[in-house]
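Chains, contacts and geometry: an overview
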Amino acid sequence: TPQLIKDKEENEQLKINYDESVVESNAIKQSMEEVKNKVMSDATAYMITDVLRAVPSQIGASYTTNDQIAAKTGTTNYDSQTAKSWGYPSNATPDGWIVGYTPNMVVAIWTGYTENIANVYLTQNQMVAQRNNFFKACAKATLNSSGATFKRPSNVISVQLEKGTTLLASEN
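Let's talk about the nonpolar core
Within the largest apolar cluster, 15 residues are counted, with the highest numbers of intra-cluster contacts made by Ala 71, Ile 98, Phe 134 and Phe 135. When residues of this core are traced back to their parent elements, those giving at least two are helix 1 (42-52), strand 5 (70-75), strand 7 (106-112) and helix 4 (124-141).

Written out as structure tokens, the structure reads:
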């Protein structure tokens, strides 16, 4: 059964101890009803996953998992007026997130601020730390895994293309 872990009070910070998989603070676990609605074909889901499998190496993940993993990252930006009025540098960001999945689990981490505060913003180094925490959590969760892989549906085929083109590779 899927579970949502959330804070009992809106303004309390939720802390997760990755080493012992214990949720600390004033957190509660809420079981959620599993609802199954197909939103895309198996082939589309596989192709999206195949593209997203490159993300961990593209962002320099410092932890590896036994299972294949796919991920998507994102950030928001301050508009120029907000950045100027709060004294933020041009590379400041209010928040960032990463969502990743293996064939057996999904992990999402959001880091950020819900309100603007003078001289309080995220930096690139903080975003890298957040992503490393994500991969550390995934590595721990799949430590004893046998190396699950994303299964290609039978209606998805793989073909070789000529380098630098969209043409099928020739036999030569």
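Looking at the pattern of salt bridges
Following the criterion strictly, the structure yields two salt bridges and no others. The shortest N-O distance in the salt bridge between Lys 38 and Asp 42 comes to 3.7 Å. Look at Lys 38 and you get exposed, because its relative accessible area is 65%. Two residues, Asp 50 and Arg 53, come together in a salt bridge whose shortest N-O distance is 3.4 Å. Assessed through its relative accessible area of 33%, Arg 53 is described here as partly exposed.

A look at the confidence of the model for the protein
On average, residues of the protein score 75 in pLDDT, and 74% of them reach the 70 mark or higher. Mean pLDDT values over the elements of the protein span from 41, in strand 2 (residues 15-17), up to 94, in helix 1.

Quick word on the sheet that holds strand 6 (residues 95-101)
If you walk across this open sheet you meet the three strands as 5-6-7, and the pairing is antiparallel. Each end of this open sheet is capped by a strand with a single partner; those strands are strand 5 and strand 7. This sheet shows a mean twist of 10 degrees between the axes of neighbouring strands, independent of strand direction. Summarising the sheet, strand 6 and strand 7 pair through seven bridges and their orientation is antiparallel. Bridge pairing links Asp 95 to Gly 112 in strand 7.

A word on helix 1
Every buried residue of helix 1 is accounted for by Ala 43, Tyr 46, Thr 49 and Leu 52. Its buried side turned inward, helix 1 meets helix 2 (55-58), strand 5 and strand 6.

Some details on the packing of aromatic side chains
This structure, assessed with the given rule, holds three aromatic pairs. With 4.5 Å between their ring centres and 35 degrees between their planes, Tyr 78 and Tyr 88 make a pair best called tilted. With Tyr 78 in the loop between strand 5 and helix 3 (80-86) and Tyr 88 in the loop between helix 3 and strand 6, this residue pair connects regions lying ten residues apart in the sequence. Consider the rings of Tyr 88 and Tyr 121, whose centres lie 5.5 Å apart with planes at 65 degrees: the pair is edge-to-face. Here Tyr 88, found in the loop between helix 3 and strand 6, pairs with Tyr 121, found in the loop between strand 7 and helix 4; they are 33 residues apart in sequence, far enough to count as distant. Judged by relative accessible area, Tyr 88 falls into the buried class, the value being 7%. Aromatic ring contacts, followed pair by pair, group Tyr 78, Tyr 88 and Tyr 121 into a single cluster.

Definitions and cut-offs
Residues numbered from 1 in each chain as written. Predicted model: local features only at pLDDT ≥ 70, side-chain atom pairs only at ≥ 80, totals over all residues. Heavy atoms only, no water. Core = buried A, V, L, I, M, F, W, Y, C linked by side-chain atoms within 4.5 Å. Buried < 20%, exposed > 50% of the residue type's maximum accessible area, 1.4 Å probe, protein only. Helix = DSSP H or I, 4+ residues; strand = E, 2+ residues; numbered from the N terminus. Salt bridge = Lys/Arg side-chain N within 4 Å of Asp/Glu carboxyl O. pLDDT = per-residue confidence, 0-100. Pairing = 2+ DSSP bridges. Axes fitted to C-alpha atoms, helices over the stretch in contact; angles between N-to-C directions. Contact = heavy atoms within 4.5 Å. Phe/Tyr/Trp six-rings, centres within 6.5 Å; stacked < 30°, edge-to-face > 60°.

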